[in-house]
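An overview of the molecular structure
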Amino acid sequence: MPADARPLRIVLAEDSVLLREGLTGLLTRFGHEVAAAVGDADALVAAVAEQAPDVVVTDVRMPPGLHDEGLRAAVRLREGRPGLPVLVLSQYVQRAYAAELLDSGDGSGVGYLLKDRIGQVEEFVDALSRVAAGGTVVDPEVVRHLLRRRRDPLARLTPREREVLALVAEGRSNGAVARALVVSEAAVGKHIGSILAKLDLPPADDTHRRVLAVLAFLRS
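On a predicted model such as this, the values are computed, not experimentally measured, just so you know.

1. Focus on the UniProt feature "modified residue: 4-aspartylphosphate" (unreviewed entry) in the chain
As recorded in UniProt, the sites labelled "modified residue: 4-aspartylphosphate" (unreviewed entry) are D59. Assignment of secondary structure puts D59 in strand β3 (residues 55-59). Among the residues examined, D59 registers a relative accessible area of 5% and is labelled buried. Residue contacts for D59: discarding those within four places in its chain leaves A13, E14, D15, G70, L71, L89, S90 and K115.

What follows is the structure, given as structure tokens:
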């Protein structure tokens with residue numbers, strides 16, 4: 001575990017026994033505690049009530065219907081405990097699911113990753129830590145899929161501003177965006193200021209404007 005990361009108490013929901021056991025072992029190896037590892041949505045809700053975790057990791061599709069029970073449970077849990085960090089895993093890019101999860105609460109403390117991302121162990125564990133800390137993390141493949149379906153209100157953004165917003169939607173900091181685009185961090189800050197202005201997101205004490213910008217991106 002990185003020196004600046006803290007151990008997390010996790011409730012894990014995954015109906016595949018092999019993947020559930022593999023994730024449990026992986027997270028434990030990185031110093032985290034898997035307080036409960038369950039195989040269906042009802043057990044997930046019960047485990048969260050009993051264990052009071054720092055973060056929930058759940059598959060979208062769970063028994064009994066193997067449709068979107070895991071996602072529904074995650075949204076319901078965030079309604080009952082606002083701000084509960086949730087990282088959702090999905091086999092495929094499912095745009096509506098990502099948007100619904102990010103619409104829950106104020107959009108902070110949520111993540112949507114494809115299961116393939118688990119194979120990139122360091123990135124997966126880092127994403128989990130960022131979600132637990134209140135960040136918003138969206139899989140790059142989901143971002144690319146959404147970019148192909150981009151509509152207003154993003155029409156006012158320049159191509160560079162769209163690149164910046166896509167990277168922000170992946171959960172990257174200004175510094176990380178600057179490194180990815182090989183520009184200065186000050187330039188990224190100016191781009192983000194312009195994006196927020198064009199999306200009509202004025203400064204406010206009770207909202208996270210970056211999160212709202214990402215939500216506008218995902219809904220478009």
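Here the narrative resumes.
2. Re the sheet that holds strand β2 (residues 33-38)
If you trace the 6 strands from one edge of the open sheet to the other, you get β2-β1-β3-β4-β5-β6, paired in parallel fashion. Looking at the sheet topology across the chains shown, the edges are occupied by β2 and β6 (136-138). Across the sheet, the axes of successive neighbouring strands diverge by a mean angle of 15°, strand direction being ignored. As judged from the 5 bridges shared by strand β1 (residues 9-13) and β2, these two strands associate in the parallel manner. The residue of β2 that forms the bridge with I10 is V34.

3. Quick notes on helix α2 (residues 41-51)
Of the residues making up α2, those classed as buried are A41, L44, A47, V48 and Q51. Seen end-on, α2 carries its buried residues on one side only, within an arc spanning 115°. Turned more than 90 degrees away from the buried face of α2, the exposed residues are D42, A49 and E50. The elements touched by buried residues of α2 are β1, β2, β3 and α3 (69-80).

4. Brief notes about the side chain of E69
Within the secondary structure layout, E69 lies in helix α3. At 7.7 Å, R61 is the nearest oppositely charged side chain to E69, a buried residue that forms no salt bridge. Once residues within four sequence positions are removed from consideration, E69 is found in contact with A41, V60, M62, P63 and P64.

5. Thoughts on the pattern of salt bridges
Applying the stated criterion to the full structure yields 9 salt bridges. Of the charged contacts in the structure, one is a salt bridge between R172 and E170, with a shortest N-O distance of 3.0 Å. What makes E170 buried here is its relative accessible area of 12%. Several salt bridges converge on common partners, so that one network encompasses E14, D59 and K115.

6. Looking at the nonpolar core
L44, V48, V86 and V88 are the most contacted members of the largest nonpolar core, which totals 26 residues. Of all the secondary structure elements, the ones that give two or more residues to this core are β1, β2, α2, α3, β4 (86-90), α4 (95-103), β5 (110-114) and α10 (209-219). Broken down by element, the residue count for this core peaks at 5 residues, all from α3.

7. A closer look at the pairing of β4
A regular strand places its side chains on the two faces of the sheet in alternate fashion. Counting buried positions along β4 yields 5 of 5 residues, so the element is predominantly enclosed. Side chains V86, V88 and S90 project from β4 onto one buried face, and the interleaved L87 and L89 project onto a second face that is buried too. Pairing of β3 with β4, which is carried by 4 bridges, proceeds in the parallel orientation. Residue T58 lies in a different strand from β4, and its bridge partner there is V88. Crossover β3 to β4 through α3 is right-handed. When β4 meets β5, the two strands line up parallel, connected through 5 bridges. Considered in β5, the bridge of V86 is made with V110.

Criteria and cut-off values
Residues numbered from 1 in each chain as written. Predicted model: local features only at pLDDT ≥ 70, side-chain atom pairs only at ≥ 80, totals over all residues. Heavy atoms only, no water. UniProt positions renumbered as here; feature names shortened; annotations may be inferred. Helix = DSSP H or I, 4+ residues; strand = E, 2+ residues; numbered from the N terminus. Buried < 20%, exposed > 50% of the residue type's maximum accessible area, 1.4 Å probe, protein only. Contact = heavy atoms within 4.5 Å. Pairing = 2+ DSSP bridges. Axes fitted to C-alpha atoms, helices over the stretch in contact; angles between N-to-C directions. Arc of directions from axis to C-beta. Lys, Arg positive; Asp, Glu negative; His and termini not counted. Salt bridge = Lys/Arg side-chain N within 4 Å of Asp/Glu carboxyl O. Core = buried A, V, L, I, M, F, W, Y, C linked by side-chain atoms within 4.5 Å. Right-handed = clockwise from strand over helix to strand, strands pointing away.

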